[in-house]
Amino acid sequence: MSVPKRIICLTEEPTELLYLLGEEDRIVGISAYTVRPPHAKKEKPKVSAFISGNIKKIESLNPDLVIGFSDIQGQLAKDLIERGLNVLIFNQRSIAEIFSNMIILGNIVGKNKEVTALVDSWKKQVDSLQEAANKISDKPGVFFQEWDEPIITGIKWVSEAIEIAGGRDVFSHLQDEKLAKNRIIQANDVAEKNPDIIVGCWCGKPMDWDWVRNKPEWQSTTAIQKDKIFELDPSIILQPGPALFLEGIPKLKEIISST
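The tally for this structure, following the rule as stated, stands at 13 salt bridges. In this structure, Arg83 and Glu59 form a salt bridge, with 4.0 Å as the shortest nitrogen-oxygen distance. Taken as a pair, Arg83 in the loop between α4 (74–81) and β5 (87–90) and Glu59 in helix α3 (residues 55–60) lie far apart in primary sequence, 24 residues in all. Residue classification places Glu59 among the partly exposed positions, given a relative accessible area of 35%. Residue Glu254 pairs with Lys251 through a salt bridge whose shortest N-O separation is 3.1 Å. Taken together, the residues span about one helical turn, with Glu254 and Lys251 both in helix α11 (residues 242–257) at a distance of 3 residues. Judged by its relative accessible area of 49%, Glu254 is partly exposed.

We now examine the nonpolar core. Grouped together as the largest cluster of nonpolar side chains are 46 residues, with contacts concentrated most on Phe144, Leu232, Ile237, Phe245 and Ile249. Ranked by the residues each element gives to this core, the list is headed by α11, at 6 residues. In terms of nonpolar packing, the next biggest core, distinct from the first, is built from 17 residues, Ile185, Val190, Trp218 and Ile229 among them.

Calculation rules
- Residues numbered from 1 in each chain as written.
- Predicted model: local features only at pLDDT ≥ 70, side-chain atom pairs only at ≥ 80, totals over all residues.
- Heavy atoms only, no water.
- Salt bridge = Lys/Arg side-chain N within 4 Å of Asp/Glu carboxyl O.
- Helix = DSSP H or I, 4+ residues; strand = E, 2+ residues; numbered from the N terminus.
- Buried < 20%, exposed > 50% of the residue type's maximum accessible area, 1.4 Å probe, protein only.
- Core = buried A, V, L, I, M, F, W, Y, C linked by side-chain atoms within 4.5 Å.

Take a look at the structure:
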């Protein structure tokens, strides 16, 4: 089987997985937002942000495969395809889809046994945590905030992660909305749901603690009254790859267990 020798990763999660599989030598370009593994930014050329990319630089690296994520990178993918490049865009939204796509990527680089072993270990972790979570009779309500203006709540795999970690996503009814614009909520909606915990994980910028603490509409919520406000690093929860299982879900469990 012929495997790609020169891969460009437009987001972090394929970079992280390829490093874990020992296939980092195939990577010739990465996203500027890559933080895992830390040394990747020192070793690999940065060729893209999230929505945009340096087309000329990508072409100059002569990749035989470009890997991206989500409809948000649709235009960038189109531009690269029109220049004759092979582009693979994943559009995972659930934990099951994250596992499936990691298997696909591992198979592409000829590491089917190794990637299956990794995924199986994370599946066992998830199953164990879910079994423990199922025994919790009164799960704390969690409001996961992905953005501030407009207020956006978490994508499906985040909602699932909250449940696995022993919490209850107060906006779980929106988890099947694939587009962020369909997960926009109002401050009054948060007040109505009365979460026990607020987790801020603003994609691309730090959470504004004062903004969260002083939002007038939700001052009466249990989370504000008991000062149960937390911030999560987007790289461990909003990246649909290994970091979610290595750090994201364990950190969520730590937060939820503290209430």
